[in-house]
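# Coordinate analysis (summary)
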Amino acid sequence: MKFLFMVCCIAALLILDINGAKVIKKRKRVTTEKTPLTATEIKLPEEDEIQLLVEKEGIVANEIIGSSIDLPVQDPCLEKRCGPGRECNSTTKGKAKCVCLTTCPTEDDNRRRVCSNYNETWTSDCELYRSRCLCDEASTQCLNPLNKHLHIEYYGECRQMEPCTEEEMADFPRRMRDWLFNVMRELADRRELSPHYLQMEREAERLTSESQRSVVAAVWKWCDLDGSNDGQVSRHELFPIRAPLMALEHCIAPFLDNCDADNDHRITLKEWGTYLCYNS
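Structure report, in brief. Quantities reported herein were computed from a predicted structural model and do not represent experimental measurements. (Residues numbered from 1 in each chain as written. Predicted model: local features only at pLDDT ≥ 70, side-chain atom pairs only at ≥ 80, totals over all residues. Heavy atoms only, no water.)

## Digging into the sheet that holds strand S5 (residues 152-155)
This is how the line gets drawn: Paired strands are those between which DSSP finds at least two bridges. Numbering goes from the N terminus for both helices and strands, where a helix is a DSSP run of H or I of at least four residues and a strand is a run of E of at least two.
A sheet is described by the order of its strands in space; here 3 strands give the open sequence S4-S3-S5, paired in antiparallel fashion. A strand with exactly one partner marks an edge of an open sheet, and here the two such strands are strand S4 (121-122) and S5.

## As for the environment of Asp171
Formally: Each residue is assigned to one of three classes by its accessible area relative to the maximum for its type, calculated with a 1.4 Å probe on protein chains only: buried under 20%, partly exposed between the two thresholds, exposed over 50%.
Of note, Asp171 is situated in helix H5 (residues 166-189). Under the relative-accessibility criterion, Asp171 is labelled partly exposed at 28%. A C-alpha to C-alpha distance of 10.0 Å links Asp171 and Cys251, two positions 80 residues apart in sequence.

## So, the state of the cysteines
Where we set the bar: The criterion for a disulfide is a pair of cysteine sulfur atoms lying within 2.5 Å.
On inspection of all chains with the given rule, the structure shows 7 disulfides. For Cys104, the disulfide goes to Cys126, at an S-S distance of 2.1 Å. The chirality of the disulfide connecting Cys104 with Cys126 is left-handed, given an S-S dihedral of about -80°. Taken together, the residues Cys104 in the loop between strand S2 (96-100) and strand S3 (114-116) and Cys126 in helix H4 (residues 125-136) connect sequence positions 22 residues apart. Take Cys104 and Cys126: they sit in the same class, and that class is buried.

## Digging into the packing of H5 against helix H6 (residues 195-205)
Operational definition: Orientation is described by axes fitted as lines to C-alpha atoms, over the contacting stretch for helices, and by angles from 0 to 180 degrees between their N-to-C directions. Here a crossing is called left-handed whenever its near helix is offset anticlockwise from the far helix by less than a right angle, and right-handed whenever the offset is clockwise. Whether two residues are in contact is decided by their heavy atoms, any of which lying within 4.5 Å being enough.
Remark: H5 packs on H6, axes separated minimally by 10 Å, with the N-to-C direction vectors making an angle of 115°. Viewed along their axes, H5 and H6 form a crossing whose handedness is left-handed. Across the interface between the two elements, Phe181, Met184, Arg185, Ala188 and Asp189 from H5 touch Tyr197, Leu198, Met200, Glu201, Arg202, Ala204 and Glu205 from H6.

## Notes on the layout of surface pockets
Formally: In this analysis a 1.4 Å probe is tested at points of a 1 Å grid over the protein atoms alone, and where it fits but cannot get out there is a cavity; an open set with protein on both sides within 12 Å along at least five of seven lines is a pocket; lining residues have an atom within 4 Å of a point. Grid points are joined across faces, edges and corners, and a volume is the space filled by probe spheres set on the points. Any residue outside Ala, Val, Leu, Ile, Met, Phe, Trp, Tyr, Cys, Pro, Asp, Glu, Lys and Arg is labelled polar, Gly included; the first ten of those are nonpolar and the last four are charged.
The calculated volume of the largest pocket comes to roughly 650 Å³. Taken together, 24 residues form the lining of the largest pocket, with Arg132, Ser234, Arg235, His236 and Glu237 sitting closest to its centre. The greatest single-element share of the lining of the largest pocket, amounting to 4 residues, is contributed by H4. Residue composition of the lining of the largest pocket, grouped by class: 6 nonpolar, 9 polar and 9 charged. A volume near 230 Å³ is recorded for the second largest pocket. Every residue lining the second largest pocket is counted, 15 residues in all, and those nearest its centre are Ser116, Asn117, Tyr118, Asn119 and Glu153. At the level of secondary structure, the elements contributing two or more residues to the lining of the second largest pocket comprise S3, S5 and helix H8 (239-246).

What follows is the structure, given as structure tokens:
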């Protein structure tokens, strides 16, 4: 009986010893865990250290101390395109706005001179377009209200042009059609036409009718001149075909004037085709 009592006592002591060891180990784990540092315990780099990093690594000081950085503001005029005689300015609200040029470069070269549709010689195309812009904007610097319709007639100083006779004018549409188709053909050979017009030109080459080929070339050129895609060609948009040809083909000006049947300073496709394709 005494023996059984001693065995029970020894077992109880062993159980207490094991539980105590577990408690001690648990306490040790708790005490050995690291507590996070507070903001006041973190040592920030001194000013001299920051400067050293900037010089060695090219690090911006604001990045080191955690301050916000002002990002560069993109110029709104980078993606703004203004017409001739105009320039882009940024408004106070950060918007892009086209305004008339303040001034034009001084031109001493007589070859830079241009003749206007009012038979006036201008020192440069810049001066002409700037004057048109000022009048279009109703500026106090506008020299003549009519200048809002100002455009370049041809390059060089104004001179007396040889008149186009009735016989020359009667034959001009035919010569114009041939010239346009030859230009279209050359651009097609150089792969400088859009895929749509390239296909039209190749199909026109297989046509036996000269009048049908002429229609193709006439439509192509009119669409090419209609840069604004508004369904009509303005007098200003006629510049690429009018100005270069004036010195070589003195009938081009009266021809284009005749195309504008209603004299509204715009040529529709119907007006263009009627006079170019169905005359002579």
